[in-house]
Amino acid sequence: MINVFFDKVEFFANNKELIKLIISNKRDKKSDLKKVIIKLIELKTELKLSFAYNHNTKDITKNFGINEGIILIQNLLKTDFFNADLFSTNETVQLISNKNNKVKIKTTEPTFKAIPKLNHDRIKKQRIFTQNNIYLQELGIISQNGKIKKDKHDKFRQINKYLETIESLLQESYWFTSGKPVTNLRIVDMGSGKGYLTFALYDFLTNSLNLDVEIIGVEFRQELVDKCNVIAKKSGFKNLKFEQGTIEKSEFKRIDILIALHACDTATDDAIYKGITHNSELIIVAPCCQKQIRKQLNLTNEMAAILKFGILKERQAELLTDGIRALILEAYGYKTKVFEFISTEHTPKNVMVTGTKISQKKNNSEILEKINSIKSFYGIEYHYLEKLLNNLSV
Ligand SMILES: C[S@@+](CC[C@H](N)C(=O)[O-])C[C@H]1O[C@@H](n2cnc3c(N)ncnc32)[C@H](O)[C@@H]1O
């Protein structure tokens, strides 16, 4: 029976349908090796099984040819582990063995439908490359020899973390899960500023992920727009352009992904509003300078005793501003996440709110009721985003 399992591993690997294989449930509970995660990769056009040995204190990765890898998997299941979970685009197969080497195999519907990206490991480690990178040089992050400047390591880390976040949101989006080719994806980056993140995103999506995208940066300051357009041209980024204008007045026929990073105060709301009204599939914002709600906080209840402390009032205002934004996104059919996208060591402006469109339904009365009771508890008259959306039927 166990051979059926290994035949499937071989079949899925050779057909590029193997997403991952997890070997777990160690036989010796004291063993330092916790589990082994195996993925299919393509190295110089040759398919390999990449084994990540997950130890208590370290991870070791080794690549093997498919046949050699299968023998190693057989040995691991004989001597080190009881279980193996095989995920393919076709089915999920679970192998469970016991001390007497009795084996059960259970097959279920596939957990993942997206075709695996075989060069995933390379992308994961390095999403953009510094060598001969014109925009990183022009923006002063790397020197002419391609080395990251001493005081720019944090910025570079922030850029990479941002790309990692976007990649994982994209992987959850229908573009990737449907397995259909991504064509003509329009991304609008509101308040693009000096363009660090905009350039890196374009580079990553087009050059590392080979996606057909167009990115438009909207920026109020003309000098930044001009500078960014010159760098985009110099970099040969044909589908990246920057336009002078305000977020609120910007006009687009279609926005597939709306981004606004560190757009101050209510500019983030203007951006979210554009995303919602354009039915964007993804809305990604990293808010900052949340002043609008702070001015309104007017407590007559027991929280007043806490919010008399300025810093706590400021933090509470941030929490309420972004929390209500997240709830409004939910009310408009978005699956919403709020998380720290880079540690506070690197930047204090580190909360990200993201929304992935999951429903066209705007059945939101329950959520709107929750928002209303929060507002009334804190004595808040209105949230700016709510006001913008008031004219829409929900
Ligand atoms: C703090 S910077 C952030 C730049 C970039 N998004 C980043 O995270 O690195 C904010 C930028 O947004 C621009 N901005 C702020 N409000 C805006 C508005 N309402 N319309 C257009 N641009 C705006 C500012 O000029 C500034 O360049």
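Basis of the calculations
Residues numbered from 1 in each chain as written. Predicted model: local features only at pLDDT ≥ 70, side-chain atom pairs only at ≥ 80, totals over all residues. Heavy atoms only, no water. Near = heavy atom within 4 Å. Polar contact = N/O pair within 3.5 Å; in protein donor to acceptor, adjacent residues only side chain to side chain. Areas by Shrake-Rupley, 256 points an atom, 1.4 Å probe, with all protein chains shown as cover. Nonpolar A, V, L, I, M, F, W, Y, C, P; charged D, E, K, R; others polar. Axes fitted to C-alpha atoms, helices over the stretch in contact; angles between N-to-C directions. Helix = DSSP H or I, 4+ residues; strand = E, 2+ residues; numbered from the N terminus. Parallel < 35°, antiparallel > 145°, perpendicular 65-115°, else oblique. Contact = heavy atoms within 4.5 Å. Phe/Tyr/Trp six-rings, centres within 6.5 Å; stacked < 30°, edge-to-face > 60°. Lys NZ or Arg CZ within 6 Å of the ring centre and 35° of its normal. Expected span 1.5 Å × (residues − 1). Buried < 20%, exposed > 50% of the residue type's maximum accessible area, 1.4 Å probe, protein only. Arc of directions from axis to C-beta. Salt bridge = Lys/Arg side-chain N within 4 Å of Asp/Glu carboxyl O. Domains from an automatic or database assignment. Pairing = 2+ DSSP bridges.

### Considering the site of the ligand
Then, in step 1: Taken together, 15 residues sit near the ligand, with Gly191, Glu219, Ile247, Leu261 and His262 positioned nearest.
Then, in step 2: With respect to the ligand, the backbone of Ile247 contributes an N or O atom lying 2.9 Å from a nitrogen atom.
Then, in step 3: Between an oxygen atom of the ligand and a side-chain N or O atom of His262, the distance comes to 2.7 Å.
Then, in step 4: Relative to its unbound accessible area of 600 Å², the ligand is 81% covered by the protein chains.
Then, in step 5: Among the residues making up the shell around the ligand, the classes are represented as six nonpolar, six polar and three charged.

### What to know about the packing of helix 9 (residues 267-277) against helix 11 (residues 310-331)
Then, in step 1: The interhelical angle for the contact between helix 9 and helix 11, taken along N-to-C directions, is 10°, at an axis separation of 11 Å. Relative to helix 11, the element helix 9 is oriented roughly parallel. Across from Thr268, Asp269, Ile272 and Ile276 in helix 9, the residues of helix 11 making contact are Arg325, Ile328 and Leu329.
Then, in step 2: When its residues are assigned to classes, the contact of helix 9 with helix 11 shows four nonpolar, one polar and two charged.

### Observations regarding the packing of aromatic side chains
Then, in step 1: With the rule as written, the count across this model stands at 10 aromatic pairs.
Then, in step 2: Seen from their ring centres, Phe5 and Phe6 are 5.5 Å apart, and the 85° between their planes marks the pair as edge-to-face.
Then, in step 3: Within the aromatic cluster, the residues linked to one another by ring pairs are Tyr135, Phe199, Tyr202, Phe237 and Phe242.
Then, in step 4: When the ring centre of Phe87 is taken as origin, the NZ or CZ atom of Lys20, which lies over that ring, is 5.8 Å away.
Then, in step 5: The positively charged end of Lys387 is found above the aromatic ring belonging to Tyr382, 4.0 Å away from the centroid.

### Describing helix 1 (residues 2-14)
Then, in step 1: If you check helix 1, its first and last C-alpha atoms are 19 Å apart, about what 13 residues at 1.5 Å a residue would give, namely 18 Å.
Then, in step 2: Residues of helix 1 that are buried include every one of Phe5, Phe6, Val9, Phe12 and Ala13, and no others. Taken down its axis, helix 1 places every buried residue within 130° of arc, on the same side.
Then, in step 3: Backbone geometry just after helix 1 places Lys16 at a positive phi near 60°.

### Section: the pattern of salt bridges
Then, in step 1: Summed over all chains, the structure comprises 16 salt bridges.
Then, in step 2: For the salt bridge of Glu386 with Lys375, the shortest nitrogen-to-oxygen distance reads 2.8 Å. Of this pair, Glu386 sits in helix 13 (residues 384-389) while Lys375 sits in helix 12 (residues 365-378), and the two are 11 residues apart along the sequence.
Then, in step 3: Exposure remark for Lys375: the relative accessible area of 8% places this residue in the buried category.
Then, in step 4: Overlapping salt bridges, with partners in common, bring together Glu172, Lys335 and Lys337 in one network.

### Observations regarding the domain arrangement of the protein chain
Then, in step 1: In terms of domain boundaries, the protein chain breaks down into domain 1 (2-108) and domain 2 (124-389).
Then, in step 2: Relative to domain 2, the C-alpha centre of domain 1 lies at a distance of 38 Å.

### Some details on the sheet that holds strand 11 (residues 257-264)
Strand pairs in the sheet, formed through backbone hydrogen bonds, run parallel or antiparallel to each other.
Then, in step 1: Across the sheet, which stays open at both edges, the seven strands sit in the order 10-9-8-11-12-14-13 with mixed pairing between neighbours. Each edge of the sheet is formed by a strand with only one pairing partner; in this case those strands are strand 10 (240-244) and strand 13 (334-340). Strand-to-strand twist across the sheet, computed as the mean angle between neighbouring axes with direction ignored, equals 15°.
Then, in step 2: Relative to the sheet, helix 7 (residues 196-208) contacts strand 8 (185-190), strand 9 (213-219), strand 10 and strand 11, its axis offset from that of strand 9 by approximately 175°.
Then, in step 3: Each of strand 9 and strand 10 touches helix 8 (residues 222-235); the most contacted strand, strand 10, lies at about 165° to it.

### Remarks on the sheet that holds strand 4 (residues 59-65)
Then, in step 1: Across the sheet, which stays open at both edges, the seven strands sit in the order 4-3-2-1-5-6-7 with antiparallel pairing between neighbours. Each edge of the sheet is formed by a strand with only one pairing partner; in this case those strands are strand 4 and strand 7 (103-108). Averaged over neighbouring strand pairs, the angle between their axes works out to 15° when direction is ignored.
Then, in step 2: As judged from the 10 bridges shared by strand 2 (residues 33-43) and strand 3 (residues 46-55), these two strands associate in the antiparallel manner. Within strand 3, the position partnered with Lys39 by the bridge is Ser50.
Then, in step 3: The strands touched by helix 1 are strand 1 (18-26), strand 2, strand 3, strand 5 (81-88), strand 6 (92-97) and strand 7; relative to strand 5, the strand with the most contacts, the crossing angle is about 40°.
Then, in step 4: Along the sheet, helix 2 (residues 66-79) contacts strand 1, strand 2, strand 3, strand 4, strand 5 and strand 6; its crossing angle with strand 3, the most-contacted strand, is approximately 30°.

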